[in-house]
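Spelled out, the chains give:
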Amino acid sequence: MQHKKDWYKDLVIYQIYPKSFKDGNHDGTGDLKGMTEKLDYLKELGINAIWLSPVYASPNVDNGYDVSDYFRIMEEFGTMEDWEAFRDGAHERGIAVIMDLVLNHTSDLHDWFLMSRSSKDNPYSDYYIWRDPDPQGGPPNNWMSVFGGSAWEYVPERDQYYLHLFAREQPDLNWDNAQTRDRIFDIIRFWNAKGVDGYRVDAISYLDKGLDGRADMNEVIGTAACVNLEGTHRYIKEMSAKTFAPDNLMSVGEVNINNEQDLINYSSSSSGEFNMSIPFILPIVEIETWSPEKMKRDLKKEYEVLKKDGWWARFLSNHDKPRQVSLYGNDGAYWKESAKMLASYLHTLPGTPFIYQGEELGMTNIQYSSIQEYDDIDTRNYYETMLQKGLSPQSALAEAQRISRDNARTPMQWDSSAYGGFSDHRPWLGVNPNYKTINAEQQMADETSVFCFYQKLIALRKEHPLMAHGDFQMCCDETGPVIAYSRSLNGETWLAVHNFSDQNQVLCHEKIHTDTPVILSNYENVQLHSKTVMLRAYESVILKLA
């Protein structure tokens, strides 16, 4: 596919978590054949790009984010021929393919690392970050990994430690080595030649470790100590200039945003790094700190920072987060209303919307009855931590259920048959029991469904440039559960109003009249009065003001 400049601004991106999307070879695990089978479904939804979570060869210590061979497909997902059939099927339907790049680290089973660890004197010796033991013995410093324990692992063959900011099986690559960077760029060029249209780049804020004294040694967590150092930005710019920019490939970085300058560096075109960025927030932090008020503050600040020459990745869900209707909405009494409201909110914001698989059906969090049913290592570790803190097994399970990444990873609910139509074999992870009432087959036949509401929003975005390119202005109080804003372009103005609560609310706006045209709402009979709109629980209204 040929790409004009800024084409990414007109995308609606759908994230596929391969293991849970569709089983095409009847073994209980999602795969590339299953994804290819469902391309017509995605075309009918209306999306025009797919972000594919990692499908490279991997021992799966971290669900594919530990790559052992970037040039092969993970066996449980299929073959390179299966990937090519998926690519061709997507392109035939006008759908771009966005691959997930994991470039901060590899698997410890990658050939580069197996060579690097074998001696201090070999061509791959400096592909990873090695340091001598502390003079007093033990690791070179006190850094901890994201997953707990020291970020350093000793290797007798070298009498040295290697750095792993994440799992022990995920050694960090040495981006300071020009030869390493060249080989990394060759990986990207390989997939460019395969016809990939863009990349989501994983955990990319820590390339420059600052071990020469520039890292913050008061920080114990290694990622926090070396986050967003100067070299990281220099390396990303080099990568972009040599691999993404020549063909206008779309790029989005998963990054840490700690201040306005970070946002500018990672998301403005003048920086020459990424087209947009996905800020990483720990699920437990998001669960415990989100509020409509915080959303309003963040929207206003981020728009002002990037409106000149930046862009926004807009998402409420992904493979690491709780299901959005369970976190920000109400997955009980107002399930349908709040699922639609959240869709309307996301798709009327400036930026590129990301849909996580199942979000378009209003899929909800899971509550397995025992910790043994959970696959996510983080969930199991958190459960044990809660027990150690003195919680009862029942309370510990409830806390683990709340933060579990498995909430997002349950198999896709295609129909009301056994296993939700995901597979005809027992799936790798239990299907949510509500698949009989929440599934794609039923919703595609129901004009009032969450799926059909997503279709309408995506169609509106394609028909009206205002939704992607219009100016943005907040139109609501800083406090309270109502988020409202206007979008304006070429003399046309829309007002989007969203009630993030189960209580009736009122929004006042001087341009609202009883006959103001309603573009889309998740309720029948929108209640408009002179200068006000009356909002029911989780009501969302898009009005045409001019």
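This one's a predicted model, so the numbers in the text were calculated from it and none came from an experiment.

### Description of empty space enclosed by the protein
Thought 1: All told, the structure shown has 4 cavities of 30 Å³ or more when counted by the stated rule.
Thought 2: A volume near 80 Å³ is recorded for the largest cavity.
Thought 3: Taken together, Tyr-17, Pro-18, Lys-19, Ser-53, Pro-54, Asn-60, Asn-63, Gly-64, Met-74, Glu-76 and Phe-77 form the lining of the largest cavity.
Thought 4: When the residues that make up the lining of the largest cavity are grouped by side-chain class, the tally is 5 nonpolar, 4 polar and 2 charged.

### Concerning unusual backbone geometry
Thought 1: In the Ramachandran plot, Asn-490 falls in the positive-phi region, its phi being about 50° despite a non-glycine side chain.
Thought 2: Counting through the fold element by element, Asn-490 comes out in the loop between strand 15 (482-489) and strand 16 (492-499).
Thought 3: Although it is not a glycine, Lys-531 sits at a positive phi angle of roughly 70°.
Thought 4: Relative to the helices and strands, Lys-531 is located in the loop between strand 19 (527-529) and strand 20 (532-535).

### Thoughts on the sheet that holds strand 21 (residues 540-544)
Thought 1: Taken together, the 5 strands give an open sheet; going across it, the order is 14-15-16-21-18, and neighbouring strands pair in antiparallel fashion. Across the chains shown, the open sheet's two edge strands, defined by having one partner strand only, are strand 14 (471-474) and strand 18 (518-521). Sheet twist, expressed as the mean angle between neighbouring strand axes with direction ignored, is 15°.
Thought 2: Examined bridge by bridge, strand 18 and strand 21 share 3 bridges and lie antiparallel to one another. For Leu-520, the partnering residue across the bridge sits in strand 21 and is Ile-542.
Thought 3: In the packing of helix 13 (residues 335-347) onto the sheet, the strands contacted are strand 15, strand 16 and strand 21, and the crossing angle to strand 16 comes to about 145°.

### Some details on helix 13
Thought 1: The end-to-end C-alpha separation of helix 13 is 18 Å, in line with the 18 Å expected for 13 residues at 1.5 Å each.
Thought 2: When you tally the buried positions in helix 13, you get 11 out of 13 residues, the bulk of the element.
Thought 3: Those residues of helix 13 that fall on the buried side of the exposure criterion are Trp-335, Ser-338, Ala-339, Lys-340, Met-341, Leu-342, Ala-343, Ser-344, Tyr-345, Leu-346 and His-347.

### Side note on the layout of surface pockets
Over the atoms, a rolled probe matching the size of one water molecule traces out where space is still vacant.
Thought 1: Computed from the structure, the second largest pocket encloses a volume of approximately 400 Å³.
Thought 2: Lining the second largest pocket are 23 residues, and of these Lys-5, Asp-6, Tyr-8, Ser-269 and Asn-275 sit closest to its centre.
Thought 3: Looking at the lining of the second largest pocket, the element that brings in the most residues is helix 8 (residues 230-244), giving 3 residues.
Thought 4: Its residues placed into classes, the lining of the second largest pocket shows 8 nonpolar, 9 polar and 6 charged.

### Thoughts on the packing of aromatic side chains
Thought 1: Counted by the stated rule, this structure contains 32 aromatic pairs.
Thought 2: Residues Phe-190 and Trp-191 carry aromatic rings whose centres are separated by 5.2 Å and whose planes lie at 90° to one another, so their mutual orientation is edge-to-face.
Thought 3: For Phe-190, a relative accessible area of 26% gives the class partly exposed.
Thought 4: What makes Trp-191 buried here is its relative accessible area of 0%.
Thought 5: Measuring from centroid to centroid gives 5.1 Å for Tyr-303 and Phe-472, while their planes differ by 55°, and the two rings are tilted. Of this pair, Tyr-303 sits in helix 11 (residues 292-306) while Phe-472 sits in strand 14, and the two are 169 residues apart along the sequence.
Thought 6: On the basis of relative accessible area, Phe-472 is assigned to the buried category, the value being 8%.
Thought 7: Members of the aromatic cluster, connected to one another through ring pairs, are Tyr-8, Tyr-303, Trp-311, Trp-312, Phe-472 and Tyr-485.
Thought 8: A cation sits over an aromatic face here: Lys-19 above Trp-428, 4.3 Å from the ring centre.

### A look at the side chain of Arg-181
Thought 1: Mapped onto the fold, Arg-181 is located in helix 6 (residues 178-193).
Thought 2: Using a relative accessible area of 13% as the deciding quantity, one classes Arg-181 as buried.
Thought 3: Each residue touching Arg-181, except ones within four places of it in the same chain, is listed here: Trp-175, Asp-176, Tyr-235 and Glu-238.

### Considerations on the pattern of salt bridges
Thought 1: Scanning the model with the defined rule gives 32 salt bridges in all.
Thought 2: The shortest N-O distance in the salt bridge between Arg-214 and Asp-208 comes to 2.8 Å.
Thought 3: The class for Arg-214 is partly exposed, based on a relative accessible area of 42%.
Thought 4: Residue class for Asp-208 comes out buried when judged on its relative accessible area of 2%.

How each quantity is defined
- Residues numbered from 1 in each chain as written.
- Predicted model: local features only at pLDDT ≥ 70, side-chain atom pairs only at ≥ 80, totals over all residues.
- Heavy atoms only, no water.
- 1 Å grid on protein atoms, 1.4 Å probe; cavity = no way out; pocket = protein on both sides within 12 Å on 5 of 7 lines; lining within 4 Å.
- Points joined across faces, edges and corners; volume = space filled by probe spheres on them.
- Nonpolar A, V, L, I, M, F, W, Y, C, P; charged D, E, K, R; others polar.
- Helix = DSSP H or I, 4+ residues; strand = E, 2+ residues; numbered from the N terminus.
- Pairing = 2+ DSSP bridges.
- Axes fitted to C-alpha atoms, helices over the stretch in contact; angles between N-to-C directions.
- Contact = heavy atoms within 4.5 Å.
- Expected span 1.5 Å × (residues − 1).
- Buried < 20%, exposed > 50% of the residue type's maximum accessible area, 1.4 Å probe, protein only.
- Phe/Tyr/Trp six-rings, centres within 6.5 Å; stacked < 30°, edge-to-face > 60°.
- Lys NZ or Arg CZ within 6 Å of the ring centre and 35° of its normal.
- Salt bridge = Lys/Arg side-chain N within 4 Å of Asp/Glu carboxyl O.

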